[in-house]
Amino acid sequence: MSESVAPGDVVVVLGIGENQLAEACAVMHQAFEVYAEKGQPSGALLETPETLLSELRAGHRIATASVDQRVAAMVKYRPDLDGSLHFGRLSVAPWAQGNGLARLLVEAVRGQAQEEGFNGLSCYVRAAEIGNIALYEHLGLRVVDRGQKASLTGVVIEV
């Protein structure tokens with residue numbers, strides 16, 4: 001069940017530090033657990049604060065949205081070779097879903113992309129997740145290609 005979250009109660013932080021990685025990872029695991037329940041485990045469940053730290057050290061960034069000083073949503077993002085700012089692992093804790101936190105994070109990353117001169121945003125979405133695709137389209141993204149991507153689990157998925 002989702003708690004009601006008033007927009008004024010939310011704090012978005014772009015580029016979190018090492019001290020927030022455990023909270024961000026926990027939110028990611030909570031959000032991606034639904035795939036395991038569907039019999040399609042996500043590689044997100046294999047990520048740890050240590051793997052996130054390695055990514056930070058390699059130039060990736062993580063943004064969070066917190067409600068009452070509690071991390072409720074997170075997203076990873078990095079520059080992509082196509083000139084876009086690529087985001088992934090957009091995660092909202094089940095208790096905070098339905099309150100616009102995904103939108104806030106995507107808008108914050110989009111603003112960062114514009115500020116840094118990127119030509120837009122990019123992401124991969126499981127082709128079977130039509131609800132997620134619809135959310136991203138509602139947020140101004142569009143499907144530009146289809147393909148396959150190997151998950152950290154070793155399974156190849158349609159994206």
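Conventions and cut-offs
- Residues numbered from 1 in each chain as written.
- Predicted model: local features only at pLDDT ≥ 70, side-chain atom pairs only at ≥ 80, totals over all residues.
- Heavy atoms only, no water.
- Helix = DSSP H or I, 4+ residues; strand = E, 2+ residues; numbered from the N terminus.
- Buried < 20%, exposed > 50% of the residue type's maximum accessible area, 1.4 Å probe, protein only.
- Lys, Arg positive; Asp, Glu negative; His and termini not counted.
- Salt bridge = Lys/Arg side-chain N within 4 Å of Asp/Glu carboxyl O.
- Contact = heavy atoms within 4.5 Å.
- 1 Å grid on protein atoms, 1.4 Å probe; cavity = no way out; pocket = protein on both sides within 12 Å on 5 of 7 lines; lining within 4 Å.
- Points joined across faces, edges and corners; volume = space filled by probe spheres on them.
- Nonpolar A, V, L, I, M, F, W, Y, C, P; charged D, E, K, R; others polar.
- pLDDT = per-residue confidence, 0-100.
- Pairing = 2+ DSSP bridges.
- Phe/Tyr/Trp six-rings, centres within 6.5 Å; stacked < 30°, edge-to-face > 60°.
- Lys NZ or Arg CZ within 6 Å of the ring centre and 35° of its normal.

Visitor: Even after reading the chapter, I still don't get unusual backbone geometry, so can you show me in this structure?
Guide: Across residues other than glycine, the phi torsion is negative in most instances, and most of the peptide bonds are trans. Not every positive phi belongs to a glycine, and D68 is a case in point at roughly 50°. As for its placement among the helices and strands, D68 is situated in the loop between β2 (61-67) and β3 (70-79). One non-glycine residue with positive phi stands out, namely R89, at about 55°. With respect to the helices and strands, R89 occurs in strand β4 (residues 85-92). Residue class for R89 comes out partly exposed when judged on its relative accessible area of 22%.

Visitor: Would you mind going over the side chain of R126 with me for this structure?
Guide: Of note, R126 is situated in the loop between β5 (121-122) and α4 (130-138). Here R126 is buried and forms no salt bridge, its nearest opposite-charge partner E129 lying at an N-O distance of 5.6 Å. For R126, the contacting residues outside a window of four places in its chain are Y35, Q40, P41, S42, I133, I157, E158 and V159.

Visitor: Even after reading the chapter, I still don't get the layout of surface pockets, so can you show me in this structure?
Guide: Taken as a whole, the largest pocket spans an internal volume of roughly 1100 Å³. Put simply, the parts of the chain that give the lining of the largest pocket at least two residues each are α1 (21-37), β3, β4, α3 (101-116), α4 and β6 (148-150). Tallying contributions element by element places β4 first for the lining of the largest pocket, with seven residues. Of the residues assigned to the lining of the largest pocket, the class counts are 20 nonpolar, 13 polar and 10 charged.

Visitor: Help me out: how do you make sense of the confidence of the model for the protein in this one?
Guide: Segments scoring low in pLDDT should not have their predicted coordinates read at a detailed level. On average, the protein scores 89 in pLDDT, and the residues at 70 or more come to 95%. Within the model, pLDDT remains below 50 along residues 1-5, and this stretch shows 14 contacts once partners closer than five positions in the same chain are excluded.

Visitor: I would appreciate a short explanation of the pairing of β2 in the present structure.
Guide: Consecutive side chains of a regular strand alternate in pointing toward one face of the sheet and then the other. Most of β2 is tucked away, with six of its seven residues classed as buried. Two strands pair when backbone bridges link them, and strand β1 (residues 10-13) and β2 are joined in this way by four bridges, in the antiparallel orientation. When the bridges of β2 are listed, V12 appears paired with A65. Looking at chain direction, β2 and β3 are connected through seven bridges and run antiparallel. Bridge pairing in β3 places A63 opposite V75. Counting the residues that bridge the hairpin from β2 to β3 gives two residues, and of these D68 lies at a positive phi of roughly 50°.

Visitor: What am I meant to see in the packing of aromatic side chains here?
Guide: Each aromatic ring pair is specified by the distance between its two centres and by the angle formed by the two planes. By the definition in use, this model includes two aromatic pairs. For the ring pair F87 and Y136, a centre distance of 5.5 Å and an interplane angle of 75° mean the geometry is edge-to-face. One end of the pair, F87, is in strand β4; the other, Y136, is in helix α4, and 49 residues separate them in sequence. Judged by relative accessible area, which is 2%, F87 ranks as buried. For Y136, a relative accessible area of 12% puts it in the buried group. Taking NZ or CZ as reference, R126 lies 4.4 Å from the ring centre of Y35, over its face.

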